[in-house]
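# Structural characterization, general
Each chain, written out:
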Amino acid sequence: MYGQIVRDGLVNVTGIEDLGLTSPVLQRTSDAFFKEISPFLLHFGMFVPTIIGQCTPEQQAKWLPLAMDLKIIGTYAQTELGHGTFIRGLETTATYDASTEQFILKTPKLSSYKWWAGGLGKTANHCIVLAQLYTKGVCHGPHPFIVQIRDTETHMPLPGIKVGEIGPKLGFNTADNGFLGFEDFRIPRENLMMKNAQVTKDGTYVKVARHGKLTYGTMVFVRVMLVSDMAYCLAKAVTIAVRYSAVRRQSQPKPDQPEPQVLDYLTQQHKLFICISTAHAMKLTSTWLWNTFTGVLADMRDGNTDTLPELHALSSCLKAISTSDTSALIEQCRFACGGHGYMYSSNLPALYSFATATRTYEGDYTVLLLQTARFLVKSWEQMDEGKPLTPTLAYLEQSRNGSQVSWDDSPEGIVRGFDAVAAGRIGACVKSIRKHINNGMDYEDAWQMTTVQLVGAAEAHCRAVICRVYRDETARLTAGCSPGVKAVLDQLSTLYLLYWALERTGDLLRFSSLSERDIENLQARYEALLLKIRPNAVGLVDAFDFRDEVLMSTLGSYDGRVYERLMEEALKTPLNREPVSDSFHKYIKPMMQGKL
Ligand SMILES: CC/C=C\C/C=C\C/C=C\C/C=C\C/C=C\C/C=C/C(=O)SCCNC(=O)CCNC(=O)[C@H](O)C(C)(C)COP(=O)(O)OP(=O)(O)OC[C@H]1O[C@@H](n2cnc3c(N)ncnc32)[C@H](O)[C@@H]1OP(=O)(O)O
Ligand SMILES: Cc1cc2nc3c(=O)[nH]c(=O)nc-3n(C[C@H](O)[C@H](O)[C@H](O)COP(=O)(O)OP(=O)(O)OC[C@H]3O[C@@H](n4cnc5c(N)ncnc54)[C@H](O)[C@@H]3O)c2cc1C
């Protein structure tokens, strides 16, 4: 299994490498090799980006060619057995020894072991290690170090290194996630990645970066990438589910009629069409977020970090919501395929296990939404002080006078309704925090007592951002399209708004003049829209243009030969090599004969 995975992984990375294509393409083509994940994902997904983001030009000149030519294979080891979310609590230490101009890496106790890094178990020979940096007896917090962990000739772990695979998981079982411990392991001073902080030969610590969190930069990059990844993942799942739903015929609503395609059931359309729409919404939002990200990088190259807080808040909530929505909707695609959706050969289980992991890694859902909430509350307080709001929070102004937004059921009106919900929920959090403080709590306790509401407010802000970006980008991108294409894509973005308006009627009743009659109208419009989309449903998923080799699905192949493919895959199962398993003779027969 592992050998096959490594072979496929190398064919993937070296093949595309020869073509000189970029790593996102690599990621896309790697889907034709793996149902789950490449053991080289972390090399290109985090090890290389960290060298670019955390190394000086001189250090990049040394390490980048080695990494890009696969002369070294790396990963990103930050999480430990005892800490993943709380980076400042990491236990691995790197203590500077000026007499030898080296850092001494130590794993003080079991909970300090690095745990989870992809490719760490048996594949990587180098890794980025986040460790608490000590010099001259002072701890300067977590810093990134580049560490060789295996001999590049023999691949044996170097003396002082304990490394291995962490074992089976819900999914990601081709990712080779590993553990890593250090026993007084020495690395040269120059292996501290020194773009944002340096240690001189005599051990003096020099802070370079103007912002204290640039060490966390790789995570921001990956969070931004993951929003696009989720759009792609969901598009694959809904392609499988819609194509299968067009093939599958089941039940007999009318006695004298043939069994209908299950795609004709309104409940099936309710399960699946939001998935098509969400894939588009997340793809457009991810492109908008990427442009925001590159803009902030450009500002930071000019020494301006003012736009970084908003990027951190946006990347945090969009990563959280895109991964959570995708996990839920891929499971919904699986539900829509009945028993055959539960077959591994459908590829829906693998897609689900990938997406649900993404809800956790690169920042847990709750933790990241609370990061966004921190930014939202600070922005509200700045608004109260008359300071300007950042672009994505301009809608807060409308809530300044506290008047209720009048409900308008046009698409633009619904977007404004979501703005009102976000503003109202943020305002309610600020009110809750202030109430607790007035009742004698300190700020930290008042914050903690409001965190359930804060997570909801951050989700509402994110939903408002997605709705606005999806609507605006659809209008912009379809301006030059044919009326037919424009109409269908408009239907999808309207469906997204109606779906979420119906999901959030409680909030809309609380923060706008929405009435029961308005809700009835929304429901009727939503159901009518499902029927309108039905004729184009298969065309819409075909337009995602996935080859069968990438979908890897017995249910979603283009030719619709579902039952033949299911049987072909079943016959390949090792248990079917012999008509009678030898377990019959060893166990079942003796048991039947009372001899066990
Ligand atoms: C073959 C394939 C080819 C190519 C592939 C190409 C691309 C692939 C792309 C992606 C795929 C790659 C890999 C995916 C697979 C698996 C990899 C998984 C890897 C990992 O999981 S790595 C480990 C991830 N871990 C985390 O995310 C930990 C989460 N925790 C944190 O981020 C921090 O601990 C937390 C929660 C933010 C708290 O930090 P801290 O306690 O230090 O800060 P405070 O909360 O006190 O806030 C202080 C202050 O700092 C601001 N801030 C916090 N974080 C950031 C940040 N990241 N950027 C900017 N600012 C930040 C915060 O807002 C506060 O500001 P304020 O005081 O309010 O002004
Ligand atoms: C498939 C997979 C691949 C991974 N790959 C890598 C990798 O390559 N490199 C790497 O370094 N790491 C990797 N990780 C680790 C991953 O980054 C962490 O698991 C993730 O950051 C969550 O941290 P944790 O596991 O400590 O969870 P915890 O933070 O312990 O979460 C447990 C619970 O505590 C809650 N919680 C924690 N803090 C707070 C808070 N402040 N307020 C409220 N609730 C809180 C969480 O919401 C959650 O419900 C991977 C993980 C997975 C699942």
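Source: prediction; values computed, not measured.

What counts as what
- Residues numbered from 1 in each chain as written.
- Chains lettered and ligands numbered in written order.
- Predicted model: local features only at pLDDT ≥ 70, side-chain atom pairs only at ≥ 80, totals over all residues.
- Heavy atoms only, no water.
- Near = heavy atom within 4 Å.
- Polar contact = N/O pair within 3.5 Å; in protein donor to acceptor, adjacent residues only side chain to side chain.
- Areas by Shrake-Rupley, 256 points an atom, 1.4 Å probe, with all protein chains shown as cover.
- Helix = DSSP H or I, 4+ residues; strand = E, 2+ residues; numbered from the N terminus.
- Pairing = 2+ DSSP bridges.
- UniProt positions renumbered as here; feature names shortened; annotations may be inferred.
- Salt bridge = Lys/Arg side-chain N within 4 Å of Asp/Glu carboxyl O.
- Buried < 20%, exposed > 50% of the residue type's maximum accessible area, 1.4 Å probe, protein only.
- Nonpolar A, V, L, I, M, F, W, Y, C, P; charged D, E, K, R; others polar.
- Domains from an automatic or database assignment.
- Patch = residues over 30% accessible without salt bridge, like charges linked within 9 Å, V, L, I, M, F, W, Y side chains within 5 Å.
- Axes fitted to C-alpha atoms, helices over the stretch in contact; angles between N-to-C directions.
- Parallel < 35°, antiparallel > 145°, perpendicular 65-115°, else oblique.
- Left-handed = near helix turned anticlockwise from the far one by under 90°.
- Contact = heavy atoms within 4.5 Å.
- Expected span 1.5 Å × (residues − 1).
- Arc of directions from axis to C-beta.

On to the site of ligand 2, then. Looking at ligand 2, there are 19 residues lining it, with Tyr76, Thr79, Gly84, Thr85 and Asp364 nearest. Within the backbone of Tyr76, an N or O atom sits 2.9 Å from a nitrogen atom of ligand 2. The separation between an oxygen atom of ligand 2 and a polar main-chain atom of Gln78 is 3.1 Å. Contact with the protein chains covers 64% of the free accessible surface of ligand 2, which is 970 Å². The dominant element in the shell around ligand 2, judged by the number of residues it contributes, is helix H9 (residues 365–384), at three residues.

Attention now goes to the sheet that holds strand E8 (residues 178–182). Strand order in the open sheet made by the three strands is E4-E8-E7, with antiparallel pairing throughout. Each edge of the open sheet carries a strand with a single partner, namely strand E4 (114–115) and strand E7 (161–165). The pairing of E7 with E8 spans five bridges and is antiparallel. Across the sheet, the residue bridging to Gly164 is Phe179, located in E8.

This part takes up the UniProt feature "domain: Acyl-CoA oxidase C-terminal" (unreviewed entry) in the protein. Following the UniProt record, the feature "domain: Acyl-CoA oxidase C-terminal" (unreviewed entry) maps to residues 411–593 here. Secondary structure over residues 411–593 splits into 77% helix and 0% strand, and the C-alpha atoms at its two ends are 72 Å apart.

What follows is about the pattern of salt bridges. Considering all chains together, one arrives at 24 salt bridges under this definition. Note that Arg416 and Asp408 form a salt bridge whose closest N and O atoms lie 2.9 Å from each other. Taking the relative accessible area as the measure of exposure, Arg416 reaches 39% and is therefore partly exposed. The exposure class of Asp408 is partly exposed, given its relative accessible area of 27%.

To continue, consider the site of ligand 1. The full set close to ligand 1 counts 32 residues, and Thr85, Lys213, Tyr216, Arg223 and Arg374 are the nearest of them. Between Gly363 and ligand 1, the recorded distance is 3.1 Å, taken from a backbone N or O atom to an oxygen atom. One of the side-chain N or O atoms of Lys378 is found 2.9 Å from an oxygen atom in ligand 1. Protein contacts shield 87% of the accessible area of ligand 1, which totals 1400 Å² for the unbound molecule. Of all the secondary-structure elements, those providing two or more residues to the shell around ligand 1 are helix H2 (23–30), helix H3 (41–54), helix H5 (217–247), helix H7 (308–336) and H9. Class assignment for the residues of the shell around ligand 1 results in 15 nonpolar, 11 polar and six charged. For the shell around ligand 1, the two domains that each supply at least three residues are domain 1 (2–208) and domain 2 (217–539).

Relative to the helices and strands, Ile466 is located in helix H12 (residues 451–477). Taking C-alpha positions, Ile466 is 16 Å from Gln491, a pair spaced 25 residues apart along the chain.

Taken together, Tyr587, Ile588, Met591, Met592 and Leu596 make up a surface patch of nonpolar side chains, about 590 Å² in accessible area. Along the polypeptide, Met592 turns up in helix H19 (residues 582–592).

What follows concerns the pairing of strand E6 (residues 138–148). When strand E5 (residues 126–135) meets E6, the two strands line up antiparallel, connected through nine bridges. Its bridge partner lying in E6, Ile128 is registered against Ile146. Linking E5 to E6, which pair antiparallel, is a turn of two residues; within it Lys136 sits at a positive phi near 55°.

Look at H3 against helix H4 (residues 57–68): their axes get within 9 Å of each other, and the N-to-C directions meet at 165°. One finds that H3 runs roughly antiparallel with respect to H4. Read as a crossing pair, H3 and H4 show a hand that is left-handed. Between H3 and H4, the residues in contact are His43, Phe44, Phe47, Val48, Ile51, Ile52 and Gln54 and Gln59, Gln60, Trp63, Leu64, Ala67 and Met68, respectively.

It is worth spelling out helix H15 (residues 516–533) at this point. Taking 1.5 Å as the rise per residue, H15 with 18 residues should run 26 Å; its terminal C-alpha atoms sit 26 Å apart, in good agreement. Every buried residue of H15 is listed here: Asp518, Leu522, Tyr526, Leu529, Leu530 and Ile533. An end-on view of H15 places all buried positions within 115° of arc, on one side of the element. The exposed residues of H15 that point more than 90 degrees off its buried face are Glu516, Arg517 and Leu531. Turning to H15, the residues buried within the fold contact helix H6 (266–301), helix H10 (411–438), helix H13 (483–503) and helix H16 (537–542).

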